[in-house]
Amino acid sequence: MDALMRHLLREGGTTYARESDITLKDQPAPLFQLLVLANLLSARMSADIGIAAARELFAAGGTTPRGMLRLSWQDRVDALGRGHYVRYDESTATRLGEMSELALEKYAGDLRRLARDSERDRGRALELLQEFPGIGPTGADIFCREAQAVWPWLRPYLDDQTVKGAERLGLPKDPKRLADLVPESDLARFAAALVRVARDKKLADAIRR
């Protein structure tokens with residue numbers, strides 16, 4: 001791995017899950033937490049606000065589908081407000097409840113069943129993820145970029161946002177060639193770093209130096 005890759009991972013390679021205090025594992029609770037985070041990061045606001053809102057929801061007890069449903073709608077609105085997630089707080093509080101209900105009804109609260117039902121096919125997994133209220137193509141991409149850390153069958157998951165970041169750094173735009181630049185175990189961190197570069201020209205300039 002060359003100096004640019006090491007610099008990129010050092011400066012931007014903290015996954016969004018880790019920033020949200022999610023200890024990501026192939027287990028029901030952290031996978032649900034990642035789904036919550038993907039929902040929050042789908043909105044048109046800064047990632048920092050989405051991360052702060054996720055932390056507040058988890059601190060309030062919304063770490064599992066049942067935990068999220070034990071929170072009242074107002075509890076969820078209040079937690080989102082503490083994270084400054086205010087423009088979409090009421091609609092998001094509703095969607096988080098609906099999302100939790102579907103996670104329980106269809107997957108018994110265990111998103112590993114989604115992996116099973118998709119037969120570990122990425123296209124099918126994206127379709128199933130988008131059945132959750134609040135998860136569209138953007139949210140599904142966010143989930144898969146991060147989940148590739150614990151679901152090897154998703155690798156390499158480098159979507160349009162990561163390719164945009166790669167372009168800013170003069171890296172290959174082909175996902176397969178991009179994936180060859182880092183060890184497979186670093187792909188989720190690599191994807192997170194490229195997304196940050198895509199959104200932050202100053203970071204891109206600093207890494208190129």
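The structure under discussion appears in the preceding block.
Quick caveat, the model's predicted, so the values are computed rather than measured.

What exactly am I supposed to notice about the overall build of the chain here?
Counting secondary structure elements, the chain contains 14 helices and zero strands. Its C-alpha radius of gyration of 17 Å places the chain within 12% of the 17 Å reference for a compact globule of 209 residues. By its C-alpha atoms, the chain is 50 × 40 × 25 Å across when sized along the principal axes. The 209 residues of the chain split such that 51% are buried. Counting only contacts in the chain whose residues sit at least 6 apart along the sequence, the fraction spanning at least 24 positions is 65%. Carbon and sulfur atoms make up 45% of the accessible area of the chain, which totals about 9800 Å². In the chain, the 33 positive side-chain charges and the 31 negative ones have mean positions that sit 4 Å from each other.

Looking at this structure, I do not really get the packing of helix α4 (residues 47-59) against helix α6 (residues 73-82). What am I missing?
Helix packing geometry: the angle between the two helix axes and the distance between the axes. With their axes 7 Å apart at the nearest point, α4 and α6 run at an angle of 135° to one another. For the element pair α4 / α6, the angle class is oblique. The chirality of how α4 crosses α6 is right-handed. Between α4, through Ala-53, Glu-56 and Leu-57, and α6, the contact on the second element is made entirely by Arg-76, Ala-79, Leu-80 and Arg-82. For the contact of α4 with α6, a count of residues per class yields four nonpolar, no polar and three charged.

Just to check I follow, could you spell out helix α9 (residues 122-129) for this structure?
One turn of an α-helix holds 3.6 residues; hence residues three or four places apart share an orientation. Within α9, burial applies to Ala-125, Leu-128 and Leu-129. Angular distribution of buried residues about the axis of α9 spans 100°; they occupy a single face of the element. Buried residues along α9 sit in contact with α3 (28-41), α7 (89-107), α8 (112-117) and α10 (137-147). Where α9 begins, the capping side chain belongs to Asp-121, and its oxygen is found 3.2 Å from the backbone nitrogen of Gly-123.

Explain the pattern of salt bridges to me, please; I cannot follow it from the model alone.
Between side chains of opposite charge, a pair can form when the charged atoms approach closely. For the coordinates displayed, the defined rule picks out 14 salt bridges. Of the charged contacts, one joins Glu-56 and Arg-82 as a salt bridge, the two residues approaching to 3.1 Å between their closest N and O atoms. In this pair, Glu-56 is assigned in helix α4 and Arg-82 in helix α6, connecting sequence segments 26 residues apart. The partly exposed category is assigned to Arg-82, whose relative accessible area is 45%. With a shortest N-O distance of 3.0 Å, Asp-117 and Arg-116 are connected by a salt bridge. Each member of the salt-bridge network shares a partner with another, and the members are Lys-201, Asp-205 and Arg-208.

Parameters and conventions
- Residues numbered from 1 in each chain as written.
- Predicted model: local features only at pLDDT ≥ 70, side-chain atom pairs only at ≥ 80, totals over all residues.
- Heavy atoms only, no water.
- Helix = DSSP H or I, 4+ residues; strand = E, 2+ residues; numbered from the N terminus.
- Rg over C-alpha atoms; globule rule 2.2 N^0.38 Å.
- Buried < 20%, exposed > 50% of the residue type's maximum accessible area, 1.4 Å probe, protein only.
- Contact = heavy atoms within 4.5 Å.
- Areas by Shrake-Rupley, 256 points an atom, 1.4 Å probe, with all protein chains shown as cover.
- Lys, Arg positive; Asp, Glu negative; His and termini not counted.
- Charge placed at Lys NZ, Arg CZ, Asp CG, Glu CD.
- Axes fitted to C-alpha atoms, helices over the stretch in contact; angles between N-to-C directions.
- Parallel < 35°, antiparallel > 145°, perpendicular 65-115°, else oblique.
- Left-handed = near helix turned anticlockwise from the far one by under 90°.
- Nonpolar A, V, L, I, M, F, W, Y, C, P; charged D, E, K, R; others polar.
- Arc of directions from axis to C-beta.
- Polar contact = N/O pair within 3.5 Å; in protein donor to acceptor, adjacent residues only side chain to side chain.
- Salt bridge = Lys/Arg side-chain N within 4 Å of Asp/Glu carboxyl O.

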